[in-house]
2 protein chains.
Amino acid sequence: MAGARVERGPGRPRHEHVTGAVLSAVLELMTEQGLSAVTMDAVAARAGVSKPAIYRRWPGKHDLILAAAETRIGVLSVPDLGDFRAELRAVLDARLDVYRIPGTARVMAGLIAAVEEDGAVRGAYERYVSRTMGETRKILERGIARGDVRADVDVRAAATLVAAPLVYRLMIEQQVPDARFAADLADMIARAVGSRA
Amino acid sequence: MAGARVERGPGRPRHEHVTGAVLSAVLELMTEQGLSAVTMDAVAARAGVSKPAIYRRWPGKHDLILAAAETRIGVLSVPDLGDFRAELRAVLDARLDVYRIPGTARVMAGLIAAVEEDGAVRGAYERYVSRTMGETRKILERGIARGDVRADVDVRAAATLVAAPLVYRLMIEQQVPDARFAADLADMIARAVGSRA
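Conventions adopted
Residues numbered from 1 in each chain as written. Chains lettered and ligands numbered in written order. Predicted model: local features only at pLDDT ≥ 70, side-chain atom pairs only at ≥ 80, totals over all residues. Heavy atoms only, no water. Salt bridge = Lys/Arg side-chain N within 4 Å of Asp/Glu carboxyl O. Helix = DSSP H or I, 4+ residues; strand = E, 2+ residues; numbered from the N terminus. Buried < 20%, exposed > 50% of the residue type's maximum accessible area, 1.4 Å probe, protein only. Contact = heavy atoms within 4.5 Å. Buried area = accessible area lost by both parts, 1.4 Å probe. Polar contact = N/O pair within 3.5 Å; in protein donor to acceptor, adjacent residues only side chain to side chain. Nonpolar A, V, L, I, M, F, W, Y, C, P; charged D, E, K, R; others polar. Phe/Tyr/Trp six-rings, centres within 6.5 Å; stacked < 30°, edge-to-face > 60°. Lys NZ or Arg CZ within 6 Å of the ring centre and 35° of its normal.

J.: Could you clarify how one ought to interpret the pattern of salt bridges in this entry?
T.: When their charged atoms lie close together, side chains carrying opposite charge are able to pair. For the structure shown, the criterion picks out 34 salt bridges over all chains. The salt bridge partner of Asp 184 of chain A is Arg 180 of chain A, with a shortest N-O separation of 3.4 Å. In this pair, Asp 184 of chain A and Arg 180 of chain A both sit in helix 11 (residues 179–193), 4 residues apart, roughly one turn of the helix. Taking the relative accessible area as the measure of exposure, Asp 184 of chain A reaches 16% and is therefore buried. Since its relative accessible area comes to 53%, Arg 180 of chain A is described here as exposed. The residue Asp 80 of chain B makes a salt bridge to Arg 146 of chain B at a minimum N-O spacing of 2.9 Å. Placement of the pair is Asp 80 of chain B in the loop between helix 5 (61–72) and helix 6 (84–99) and Arg 146 of chain B in helix 9 (residues 134–146), with a sequence separation of 66 residues. Under the relative-accessibility criterion, Arg 146 of chain B is labelled partly exposed at 30%. Each member of the salt-bridge network shares a partner with another, and the members are Asp 80, Glu 87, Arg 142, Arg 146 and Asp 148 of chain A.

What follows is the structure, encoded as structure tokens:
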């Protein structure tokens, strides 16, 4: 590894470049051709890096797919806006932006199929999904503390109610969600958990 | 076809038996081994029928997968119970029963992958999904007419809000939904669309 660094020049920027190139290649292959196209050979060729450079960072194909998915659908951060409904809208709009990127449905379907193929990544997958829903749990808890979310709301169930409809519209109904749908969801979910009618 | 009927004895029951055996074989193969295991040869062998007998009913593998999925997750029928919340609970409980059958997540993931593989079944798939959500649209419309659902609710958006969380918990969070979660959902969704606080 030290040898590779010397050979390739200053380490850090080059490493970050490799990571970005590899994860972009994975997303492109999944979007264009589906999960079966994601082989270490194809990723190395597309990214212009060696297979050992990939294996140094990710132990296998399924870890790579998980890391690539997280660059597309990652962790959100919503500041305290003083109002649950406004923060809910920020979460839904941020997800909407990502789900509207062409190919995101294929990336998500490929991710689910990858977890099914390889039970060894299930734990890492579950932690990833939990991370992606973390900010929603946080705005619900902030709302409970503030008083604009009912104190008896089950935060985990409510976080699923927030996350699910946009994904279902995209993956099950196979239609790209639009801003009107996100606004309807914000309205309905604010009523579902809000302490004010 | 007439010849086959004579050969196999009285037509109708035998035909229904073939249909049932074939669709069960498809569900078993998807549950045990995933989508890639569903080949016409494997289905014929598992069901104990000839490949022509399958092709007479379904033009291809992907039509077969769609038909099999519909025997698992089909159209619901909820009588008028005089109360939207009770009807909503009936819908959620009926779906919960099905999602708790081992293998249903794999059947759904296989179905989505099948539609991705073969764009020709997309129209049939979209009509199927719309049918499965039809009863929820109906109880929402009945609630609007009755007055216990707000008149300004977007019925299609609300139907997605009802359908999505159980599917997301099963397929994305990869956990089997339980009765407590279904009860929490009924409570939250009734607040989301109900005309009474």
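The rest of the description comes next.
J.: Mind showing me how you'd approach the interface of chain A and chain B here?
T.: Between chain A and chain B, the contact holds 38 residues from the first and 38 residues from the second. Summing both sides of the interface, chain A and chain B together bury roughly 3600 Å²; the carbon and sulfur share of this comes to 59%. Considering only the surface of chain A that becomes buried against chain B, Tyr 168, Gln 174 and Met 188 of chain A emerge as the three largest contributors, covering 18% of it. Viewed at the interface, chain B and chain A are joined by 6 salt bridges. Salt-bridge contacts for Glu 173 of chain B lead to Arg 156 of chain A; the nearest nitrogen and oxygen are separated by 3.3 Å. On the surface where chain A and chain B come into contact, there are 14 residue pairs in polar contact (both at pLDDT 80 or more). Those elements that place two or more of their residues in the side of chain A that touches chain B are helix 7 (104–117), helix 8 (122–132), helix 10 (155–171) and helix 11 of chain A. Here the side of chain A that touches chain B is composed, by residue class, of 22 nonpolar, 3 polar and 13 charged.

J.: Looking at this structure, how should I read unusual backbone geometry?
T.: When glycine is set aside, most residues are seen to have a negative phi, and most peptide bonds are trans. Although it is not a glycine, Gln 174 of chain A adopts a positive phi angle of roughly 55°. By secondary structure assignment, the location of Gln 174 of chain A is in the loop between helix 10 and helix 11.

J.: Where do I start with the packing of aromatic side chains in this structure?
T.: Any pair of aromatic rings gets described here by the distance separating the centres and the angle formed by the planes. As enumerated under the stated definition, the model contains 0 aromatic pairs over all chains in all. The ring of Phe 181 of chain A has Arg 169 of chain A lying over it, and the distance from NZ or CZ to the ring centre is 3.9 Å.

J.: Sorry, what's going on with the side chain of Asp 148 of chain B here?
T.: Tracing the backbone shows Asp 148 of chain B in the loop between helix 9 and helix 10 (155–171). When near neighbours in sequence (up to four residues on either side) are disregarded, Asp 148 of chain B contacts Gly 82, Asp 83, Phe 84, Gly 143, Val 193, Gly 194, Ser 195 and Arg 196 of chain B.

J.: Looking at this structure, how should I read the environment of Arg 169 of chain A?
T.: As for its placement among the helices and strands, Arg 169 of chain A is situated in helix 10. As for Arg 169 of chain A and Tyr 99 of chain A, which are separated by 70 residues in sequence, their C-alpha atoms are 9.9 Å apart. Excluding residues within four positions of it along the chain, Arg 169 of chain A makes contact with Gln 174, Gln 175, Pro 177 and Phe 181 of chain A together with Arg 156, Ala 157 and Thr 160 of chain B. Only 3.2 Å separates the side chain of Arg 169 of chain A from the side chain of Glu 173 of chain A, close enough to count as a polar contact. Here Thr 160 of chain B takes part through its side chain, which lies 3.1 Å from a polar atom of the side chain of Arg 169 of chain A.

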